[in-house]
2 protein chains.
Amino acid sequence: MTETILKMQKKVKRYLDKDRYDHTIGVMHTAGCLAMRYGANLEQALTAGLLHDCAKCVPADEKIKLCEKNHIEISDAENKNPGLLHAKLGAFFAWKKYGIENEEILRSIESHTTGRPNMSLLDKIIYIADYIEPGRDVAPNLPEVRALAFVDIDACLYRILEDTLAYLAEKGATLDPATEETFLYYKNLKNSDSEKEDKN
Amino acid sequence: MTETILKMQKKVKRYLDKDRYDHTIGVMHTAGCLAMRYGANLEQALTAGLLHDCAKCVPADEKIKLCEKNHIEISDAENKNPGLLHAKLGAFFAWKKYGIENEEILRSIESHTTGRPNMSLLDKIIYIADYIEPGRDVAPNLPEVRALAFVDIDACLYRILEDTLAYLAEKGATLDPATEETFLYYKNLKNSDSEKEDKN
């Protein structure tokens, strides 16, 4: 762990409540382990994991205000549920308050809640680490999803998207179009891969 | 993460210096990720990772005294290098001070520095997590060893034993017989596996 990360860790701790901080450290290390497994840059994965929720504990109205002030676009879904803005605002804070200039890290923070089509390896790592870190315990099928994360990252990503959509449908929650767009992108990709396999 | 682990985490923090605590949290989560990958008990892996170095910051003469007082056998190698005793003493503390009664956890703490012949899955997880956690940076070939940990745990264990022996030989350090015994056990195992494969 570099001095830079340890310094950022101290700062992040000041802005998060105890539970969120414990979760954050879990995501940071799980992202680190996924990076080890798939040959991603360890330092970048730890940094993105550490900062992914750095805007989470900002009150909802403050989130809206900060986005407006800093010209961060707010979608209809985010207007209805400002909590979602912590991802975009987190990427902004990572740049502005923590001096992160690496675009890959910033994008992985921005997309960690909804995912996005055509995710990079780092995006997938942060999205999955957020879902499986050891402090999580409510998602269905966690043991299978956790093992899959270290065996086949793409299958794991798809599995989480499927489970998340089923969970939101069951709860009757409004679906963020970004989550749906991500799911449809990976569903199409999976179908076209299956077709290719059938033809071979 | 259960409340029990979070409570133990607070206690461990009081007995370790800052660097050792950061390392400990790294080992705890890396052990957790290895447990996810190989279907070991997540809670046990996190607990063993958290407690593996709980006796590390006890001064050397105090280590000797505590072992003598509690009838913990001290080998010649440990008498020469009392630092090694943190593993046996750690298992004792885990039981006495942290209320851990699970034999598997205690054994994995006891054997985390030298390894031992015929290690359990949990022993391997703690031994490897200690070597690869994100804060480590001096061992040779870390990127390969880290990836291997999540792909083939036995090959990774053997690789670490080989690298450790080579490192100790290069440094001219005295070899703890327990480390050598572990290495020879796994070397024989590997050779007999190769022979079986050759015969097939």
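Residues numbered from 1 in each chain as written. Chains lettered and ligands numbered in written order. Predicted model: local features only at pLDDT ≥ 70, side-chain atom pairs only at ≥ 80, totals over all residues. Heavy atoms only, no water.

Moving on to the overall build of chain A. Assigned secondary structure in chain A consists of eleven helices and zero strands. Going from N to C terminus, chain A has its helices and strands arranged as α-α-α-α-α-α-α-α-α-α-α. Scaling as 2.2 N^0.38, a compact globule of 200 residues should have a C-alpha radius of gyration of about 16 Å, and chain A matches this with 17 Å. With respect to the principal axes defined by its C-alpha atoms, chain A has extents near 55 × 40 × 30 Å. Evaluated residue by residue, chain A yields a buried proportion of 50% over its 200 residues. Contacts spanning at least 24 positions in sequence make up 57% of the contacts within chain A whose residues lie at least 6 apart. Here chain A displays about 10000 Å² of accessible surface, and carbon together with sulfur accounts for 49% of that area. Taking the average place of the 27 positive charges on the side chains of chain A and the average place of its 33 negative ones, the gap between the two points comes to 5 Å. (Helix = DSSP H or I, 4+ residues; strand = E, 2+ residues; numbered from the N terminus. Rg over C-alpha atoms; globule rule 2.2 N^0.38 Å. Buried < 20%, exposed > 50% of the residue type's maximum accessible area, 1.4 Å probe, protein only. Contact = heavy atoms within 4.5 Å. Areas by Shrake-Rupley, 256 points an atom, 1.4 Å probe, with all protein chains shown as cover. Lys, Arg positive; Asp, Glu negative; His and termini not counted. Charge placed at Lys NZ, Arg CZ, Asp CG, Glu CD.)

We now examine the relation of the copies chain B and chain A. One copy of the chain maps onto the other through a rotation about an axis plus a displacement along that axis. Between chain B and chain A, the superposition needs a rotation of 180° and an axial shift of 0.0 Å, giving an RMSD of 0.0 Å. As the rotation angle and translation indicate, the two copies are arranged about a two-fold axis. (Least-squares fit on C-alpha atoms with pLDDT ≥ 70 in both.)

The next subject is the side chain of A:His52. Residue and element names in this part refer to chain A. Take His52: it is sitting in the loop between helix H3 (42-51) and helix H4 (60-69). Side-chain polar atoms of His52 contact the backbone oxygen of Gly49, separated by 2.7 Å. In terms of polar contacts, His52 uses its side chain to reach the side chain of Asp53, at 3.3 Å. (Polar contact = N/O pair within 3.5 Å; in protein donor to acceptor, adjacent residues only side chain to side chain.)

Here we take up a negative patch on the surface. All names here are of chain A. Together, Asp193, Glu195, Glu197 and Asp198 line one region of the surface with negative charge. Locating Glu197 in the fold gives a position in helix H11 (residues 177-199). In this structure Glu197 comes out as exposed when scored by relative accessible area, which is 60%. (Patch = residues over 30% accessible without salt bridge, like charges linked within 9 Å, V, L, I, M, F, W, Y side chains within 5 Å. Salt bridge = Lys/Arg side-chain N within 4 Å of Asp/Glu carboxyl O.)

Time to look at the interface of chain B and chain A. Tallying the contact residues gives 23 residues for chain B and 22 residues for chain A. Counting the surface lost from both chain B and chain A, the interface buries some 1900 Å², and carbon and sulfur atoms represent 72% of this. The three residues of chain B that bury the most area against chain A are B:His29, B:Met36 and B:Pro134, which together make up 31% of that side's buried surface. The tally of links from chain B across to chain A stands at one residue pair in polar contact (both at pLDDT 80 or more). When residues of the side of chain B that touches chain A are assigned to their parent elements, the largest contribution, nine residues, is made by helix H2 (residues 18-38) of chain B. Taken together, the residues that form the side of chain B that touches chain A break down as twelve nonpolar, five polar and six charged. (Buried area = accessible area lost by both parts, 1.4 Å probe. Nonpolar A, V, L, I, M, F, W, Y, C, P; charged D, E, K, R; others polar.)

Scanning all chains against the criterion turns up 14 salt bridges over all chains. A salt bridge links A:Arg116 to A:Asp123; the nearest nitrogen and oxygen atoms lie 2.3 Å apart.

The buried count for H3(A) comes to eight of ten residues, which makes it a mostly enclosed element. Buried residues in H3(A) make contact with helix H1 (3-15), helix H2 (18-38), helix H6 (86-96), helix H7 (103-110) and helix H8 (121-132) of chain A together with helix H9 (142-149) of chain B. The N-cap of H3(A), judged by a side-chain oxygen 3.0 Å from the amide nitrogen of A:Glu43 a few residues on, is A:Asn41.

On to the UniProt feature "domain: HD" (unreviewed entry) in chain A. When the UniProt feature table is mapped onto this chain numbering, "domain: HD" (unreviewed entry) sits at residues 20-135 of chain A. Taken as a whole, residues 20-135 of chain A contains 65% helix and 0% strand, while its terminal C-alpha atoms sit 10 Å from one another. (UniProt positions renumbered as here; feature names shortened; annotations may be inferred.)

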